[in-house]
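Each chain, written out:
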Amino acid sequence: MHAWLCEQPTGVDALRWTEIATPEPAAGQVRIAIRAASLNFPDLLIVQNKYQFKPPLPFVPGSEFAGVVEAVGSGVSHLRAGDMVAALAGTGGFGTHACVDAARVLALPQAFSFEDGAAFAFTYGTSHHALMDRAALQSGETVLVLGAAGGVGTAAVQIAKAAGARVIAGASTAAKCELCLRLGADAAVNYSHDNLRDALKGLTNGKGPDVVYDPVGGDLAEPCLRSIAWRGRYLVVGFAQGGIPALPWNLPLLKGASIVGVFWGEFVRREPKANAASLQALVAWYLEGRVKPVIDQLLPMARLHDAYARMNAREALGKLVMVNP
Ligand SMILES: NC(=O)c1ccc[n+]([C@@H]2O[C@H](COP(=O)([O-])OP(=O)(O)OC[C@H]3O[C@@H](n4cnc5c(N)ncnc54)[C@H](OP(=O)(O)O)[C@@H]3O)[C@@H](O)[C@H]2O)c1
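All of the points below concern the structure found in this document. None of the values given here were measured: they were computed from a predicted structure.

1. Quick notes on the overall build of the chain
Here comes step 1: Helix and strand counts for the chain come out as 11 helices and 15 strands.
Here comes step 2: In terms of overall size, the chain behaves like a compact globule, its C-alpha atoms giving a radius of gyration of 20 Å where 325 residues would be expected to give roughly 20 Å.
Here comes step 3: With respect to the principal axes defined by its C-alpha atoms, the chain has extents near 60 × 40 × 35 Å.
Here comes step 4: The burial tally for the chain puts 53% of its 325 residues in the buried class.
Here comes step 5: Sequence-distant contacts in the chain: of pairs separated by 6 or more residues, those separated by 24 or more amount to 68%.
Here comes step 6: Of the roughly 14,300 Å² of accessible surface on the chain, a fraction of 54% belongs to carbon and sulfur atoms.
Here comes step 7: Mean positive and mean negative side-chain charge positions of the chain (28 and 27 charges, respectively) differ by 6 Å.

2. Quick look at the site of the ligand
Here comes step 1: Taken together, 23 residues are adjacent to the ligand, and Gly151, Ser172, Lys176, Tyr191 and Trp264 come closest.
Here comes step 2: Measuring from an oxygen atom of the ligand, one finds a backbone N or O atom of Gly151 at 2.8 Å.
Here comes step 3: Trp264 is positioned with one of its backbone polar atoms (N or O) 2.7 Å from an oxygen atom of the ligand.
Here comes step 4: Summarising the interface, the protein chains cover 89% of the accessible area of the ligand, which totals 900 Å² for the free molecule.
Here comes step 5: Of all the elements in the fold, those that place two or more residues in the shell around the ligand are α3 (121-134) and α4 (151-162).
Here comes step 6: Here the shell around the ligand is composed, by residue class, of 14 nonpolar, 7 polar and 2 charged.

3. Re the sheet that holds strand β8 (residues 142-145)
Here comes step 1: What the 6 strands build is an open sheet, ordered β10-β9-β8-β11-β12-β13; its pairing is parallel. Edge positions in the sheet fall to β10 (187-190) and β13 (258-261), since each of these pairs with one other strand and no more. Pairwise comparison of adjacent strand axes, ignoring direction, gives a mean angle of 20° for this sheet.
Here comes step 2: In the sheet, strand β12 (residues 233-236) pairs with β13 via 4 bridges, with the strands oriented parallel. Across the sheet, Tyr234 pairs through a bridge with Ile259, a residue of β13.
Here comes step 3: Seen against the sheet, helix α5 (residues 174-182) touches β9 (166-171) and β10 and runs at an angle of roughly 165° to β10.
Here comes step 4: Strand contacts of helix α6 (residues 196-203): β8, β9 and β10, with the helix running at about 165° to β10, the strand carrying the most contacts.

4. Notes on the nonpolar core
Here comes step 1: If you look at the biggest cluster of nonpolar residues, it comprises 45 residues, and the most contacted ones within it are Leu131, Leu137, Val143, Val145, Tyr213 and Leu235.
Here comes step 2: Residue assignment for this core shows that the elements contributing at least two residues are α2 (114-118), α3, β8, α4, β9, α5, β11 (211-214) and α10 (272-287).
Here comes step 3: For this core, the element with the highest residue contribution is α4, accounting for 7 residues.
Here comes step 4: In contact with Tyr213, other than residues within four places in its own chain, are Thr126, Ser127, Ala130, Leu131, Leu144, Val145, Leu146, Val152, Ala156, Leu235 and Val237.
Here comes step 5: Counting 35 residues, the second largest nonpolar core, distinct from the first, contains Cys6, Val30, Val47 and Ala89.

5. What to know about the environment of Thr96
Here comes step 1: By the element assignment, Thr96 lies in the loop between β5 (84-88) and β6 (97-101).
Here comes step 2: Among the residues examined, Thr96 registers a relative accessible area of 18% and is labelled buried.
Here comes step 3: Sequence-wise, Thr96 and Pro293 are 197 residues apart; in three dimensions their C-alpha atoms are separated by 22 Å.
Here comes step 4: Here the side chain of Thr96 touches His97 through a polar contact of 2.8 Å, side chain to side chain.

6. Some remarks on the pairing of β10
Here comes step 1: Judged from the 4 bridges that link them, β9 and β10 form a sheet pairing that is parallel. Residue pairing across strands places Ile168 opposite Ala187, the latter belonging to β10.

Procedures and definitions
- Residue positions within a chain follow its written sequence, with the count starting from 1.
- Local features in this predicted model are restricted to residues of pLDDT 70 or higher, and side-chain atom pairs are both shown and tallied only at a pLDDT of 80 or more, whereas totals for entire chains, interfaces and linings draw on every residue.
- In computing side-chain values, all of the structure's heavy atoms are included and hydrogens and water are not.
- In this text, helices come from DSSP runs of H or I with a minimum length of four residues, and strands from runs of E with a minimum of two, each type numbered from the N-terminal end.
- Note that the radius of gyration is over C-alpha atoms, with the globule rule given as 2.2 Å times the number of residues to the power 0.38.
- Three labels apply to residues, based on accessible area from a 1.4 Å probe with only protein chains included: buried if under 20% of the type maximum, exposed if over 50%, partly exposed otherwise in between.
- Any two residues whose heavy atoms approach within 4.5 Å are treated as being in contact.
- In this description, accessible areas are obtained by the Shrake-Rupley approach with a 1.4 Å probe, and a residue is regarded as covered only by the protein chains that are shown.
- Charge convention: Lys and Arg are scored as positive, Asp and Glu as negative, and His as well as the terminal groups of each chain are ignored.
- Charge positions are represented by NZ for Lys, CZ for Arg, CG for Asp and CD for Glu.
- Being near a molecule or strand, for a residue, means having at least one of its heavy atoms within 4 Å of it.
- Polar contacts, as counted here, are pairs of nitrogen or oxygen atoms within 3.5 Å of one another; within protein the pair requires one atom able to donate a hydrogen and one able to accept it, and residues that are adjacent in sequence qualify only if both atoms are side-chain atoms.
- We call Asp, Glu, Lys and Arg charged. Ala, Val, Leu, Ile, Met, Phe, Trp, Tyr, Cys and Pro are nonpolar, and the rest, Gly among them, are polar.
- One requirement defines pairing of two strands: DSSP has to find at least two bridges between them.
- Between N-to-C directions, angles cover 0 to 180 degrees, with each direction set by a line fitted to C-alpha atoms, over the stretch in contact for helices.
- Nonpolar core, defined: a set of buried Ala, Val, Leu, Ile, Met, Phe, Trp, Tyr and Cys residues in which side-chain atoms within 4.5 Å join the residues together.

Here it is as structure tokens:
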């Protein structure tokens, strides 16, 4: 087998496409022949030693992938060789094969392609947990999605629309804003050019968004929190811009608003039943055509560096997916 090996977490340039021995699954594991693997922002952080989870070295990055079960370890009863599956393993996806704990593997519903299966649970699971669970989004409410053309952002736009909300998409380029409008957003704000406070006032008759979905952080957070509606919920999803905002505490007081943390990985670990229900609801929406991963580019696995460069340069519209022949 081949894989992108991280021997030193000093950045993307240190990753090497290497031939390694094909592993046999241990008890409780399966080996998957990987057909597609998507790039999530934590895959960028983990090879720079900036992610909260630091795997032992060397490791193969790639948190989310889909493929075919090839071999089954002892004690695994719900999966068989030949099953089409998706895996959320944290690492291992950027290669041709991986051994994964069976508990982290889900049967792929027939309607899913490998590409969609590899680009679904992480972003849609995060955005569903954030909007539907943590923010208790109600039909008719207005949601502002920041970084709306990114991975979790495109999922949040689709989920909020499927839930009957009005969506204002925020993004940094005209092309990204256009993509969000095509996905069903009711309005889009280009925050590289437009003043966010003025734009949000204008788009909500001065009321402000009921929910802010923020995977970007940095200097966008304060104007958005200042704009939020009475009883608003500000979802802290991530800090793609790099800076962790420090905000004046009088703002939530003045708006009767809540600042709500979102940590999907921990939700999956602590509340497996609630996560299973969330994924089931998302699969139903997928089958109804209400949500579908937006794929920026499909690239051969050997071109992983190009995908990383595109994410790092903030160029991706939706998800980057690597495929094996
Ligand atoms: N809390 C959770 O459980 C959870 C789960 C999954 C992901 N996340 C976090 O959510 C964030 C987004 O993840 P993602 O997979 O959706 O990433 P992504 O596809 O790369 O999207 C990130 C978006 O952030 C914006 N951005 C602003 N400054 C950036 C910069 N310096 N570099 C890159 N992007 C920048 C970009 O939109 P514009 O150009 O339009 O600004 C980009 O589209 C990450 O911080 C990730 O760690 C959190």
